[in-house]
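These are the residues of each chain, in order.
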Amino acid sequence: MLQWLMSAVGLGPPPPASGGPMTRESAGELVRWFMRTLGAAPGPGLNPQGFGGFAVGGAQVYFEYHEARGVLECSALVYRFNEPPRPGVIEGFEAEAREGTDTGGGSVDYERENRGLFLSREYSVVPEGAAFARDMKRLAKASLVWGDEVLDRVASRVFHPEELEKR
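Residues numbered from 1 in each chain as written. Predicted model: local features only at pLDDT ≥ 70, side-chain atom pairs only at ≥ 80, totals over all residues. Heavy atoms only, no water.

**Points about the overall build of the protein**
(1) Moving on: The helix and strand inventory of the protein stands at five helices and five strands.
(2) Moving on: When each of the 167 residues of the protein is scored for burial, the buried share is 43%.
(3) Moving on: Contacts in the protein between residues at least 24 apart in sequence constitute 60% of all its contacts with a sequence separation of at least 6. (Helix = DSSP H or I, 4+ residues; strand = E, 2+ residues; numbered from the N terminus. Buried < 20%, exposed > 50% of the residue type's maximum accessible area, 1.4 Å probe, protein only. Contact = heavy atoms within 4.5 Å.)

Okay, structure coming up:
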């Protein structure tokens, strides 16, 4: 908050200009700026492969720039599976989102290659810095709820539906 306030009054680097297309440079600059607002040590924002990440309020948030689409994907980890999820699990999470469980502005995103379940959102246009910071904090907060409450609810639905019928 202090860094954001400092940049707002001209004492720190501002976020990148909003409204333009999301380029690799603007994506890295936006992530670096956001990290500074949280008091993180200065870093590259995104590595040479276009990836970055750090903790936001206890949540793990990851960033990936997709060059071909000109998109910055922002993902907050909900759960990392040790094995591929059983049938019905991912569908259970998707049902939760359709039923209106707060996703923090993101969508349910299962990444097979790392067995991670995320809430993710994408930016093709550079957002205003303060709006991006609010979006990321909201996404991070929702991922913590999903990793706790929603995970339990989905597991109960998928693995023990008979218990729900007794209620």
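**Structural notes on the side chain of Ser26**
(1) Moving on: Inspection of the secondary structure assignment puts Ser26 in helix H2 (residues 24–37).
(2) Moving on: Polar side-chain contacts of Ser26 include one of 2.8 Å to the backbone nitrogen of Thr23.
(3) Moving on: When sequence neighbours within four positions are dropped, the list of residues in contact with Ser26 reads Pro16, Pro21 and Val126. (Polar contact = N/O pair within 3.5 Å; in protein donor to acceptor, adjacent residues only side chain to side chain.)

**Structural notes on the environment of Thr23**
(1) Moving on: Among the secondary structure elements, Thr23 is positioned in the loop between helix H1 (2–8) and H2.
(2) Moving on: Residue class for Thr23 comes out partly exposed when judged on its relative accessible area of 36%.
(3) Moving on: A sequence separation of 103 residues divides Thr23 from Val126, and the C-alpha atoms of the two residues are 8.4 Å apart.

**Quick word on the pattern of salt bridges**
(1) Moving on: Tallied over the entire structure, the rule returns seven salt bridges.
(2) Moving on: Close ionic contact of Glu122 with Arg69 constitutes a salt bridge, the shortest N to O distance being 2.9 Å. With Glu122 in strand E5 (residues 116–123) and Arg69 in the loop between strand E2 (59–66) and strand E3 (71–80), this residue pair connects regions lying 53 residues apart in the sequence.
(3) Moving on: Between Glu96 and Arg157 there is a salt bridge, with the nearest N and O atoms lying 3.4 Å from each other. Residue Glu96 is located in helix H3 (residues 89–98), and its partner Arg157 is located in helix H4 (residues 129–159); the two are separated by 61 residues in the primary sequence. (Salt bridge = Lys/Arg side-chain N within 4 Å of Asp/Glu carboxyl O.)

**Overview of the pairing of E5**
(1) Moving on: Counting buried residues along E5, seven of its eight residues qualify, which places the element largely inside the surrounding structure.
(2) Moving on: Looking at chain direction, E3 and E5 are connected through eight bridges and run antiparallel. In the sheet register, Glu73 faces E5, and the bridge partner there is Glu122.
(3) Moving on: Counted along the chain from strand E4 (residues 107–111) to the antiparallel partner E5, the turn is four residues long, and its residue Arg115 has a positive phi close to 55 degrees. (Pairing = 2+ DSSP bridges.)

**Regarding the nonpolar core**
(1) Moving on: Phe34, Phe63, Leu72, Phe93 and Phe132 are the most contacted members of the largest nonpolar core, which totals 38 residues.
(2) Moving on: Elements that contribute at least two residues to this core include exactly H2, strand E1 (51–56), E2, E3, H3, E4, E5 and H4.
(3) Moving on: Looking at this core, the element that brings in the most residues is H4, giving ten residues. (Core = buried A, V, L, I, M, F, W, Y, C linked by side-chain atoms within 4.5 Å.)

**Regarding unusual backbone geometry**
(1) Moving on: The backbone of Arg115 sits at a positive phi, close to 55 degrees, despite the residue not being glycine.
(2) Moving on: Checked against the element boundaries, Arg115 lands in the loop between E4 and E5.

**Concerning the packing of aromatic side chains**
Centre-to-centre distance and the angle between the planes together describe a pair of aromatic rings.
(1) Moving on: Counted under the stated rule, the structure contains nine aromatic pairs.
(2) Moving on: Pairing Phe34 with Phe132 gives two aromatic rings, centres 5.7 Å apart and planes at 80 degrees, and the pair type is edge-to-face. Remark: Phe132 occurs in helix H4 and Phe34 occurs in helix H2; sequence separation between them is 98 residues. For the pair Phe34 and Phe132, a shared accessibility class is recorded, and that class is buried.
(3) Moving on: Their ring planes at 80 degrees and their centres at 4.8 Å tell us that Tyr79 and Phe81 sit as a pair that is edge-to-face.
(4) Moving on: Residue Tyr79 is classed as partly exposed on the basis of its relative accessible area, which comes to 32%.
(5) Moving on: Here the aromatic residues Phe34, Phe54, Phe63, Tyr123 and Phe132 are joined through ring pairs into a cluster of three or more. (Phe/Tyr/Trp six-rings, centres within 6.5 Å; stacked < 30°, edge-to-face > 60°.)

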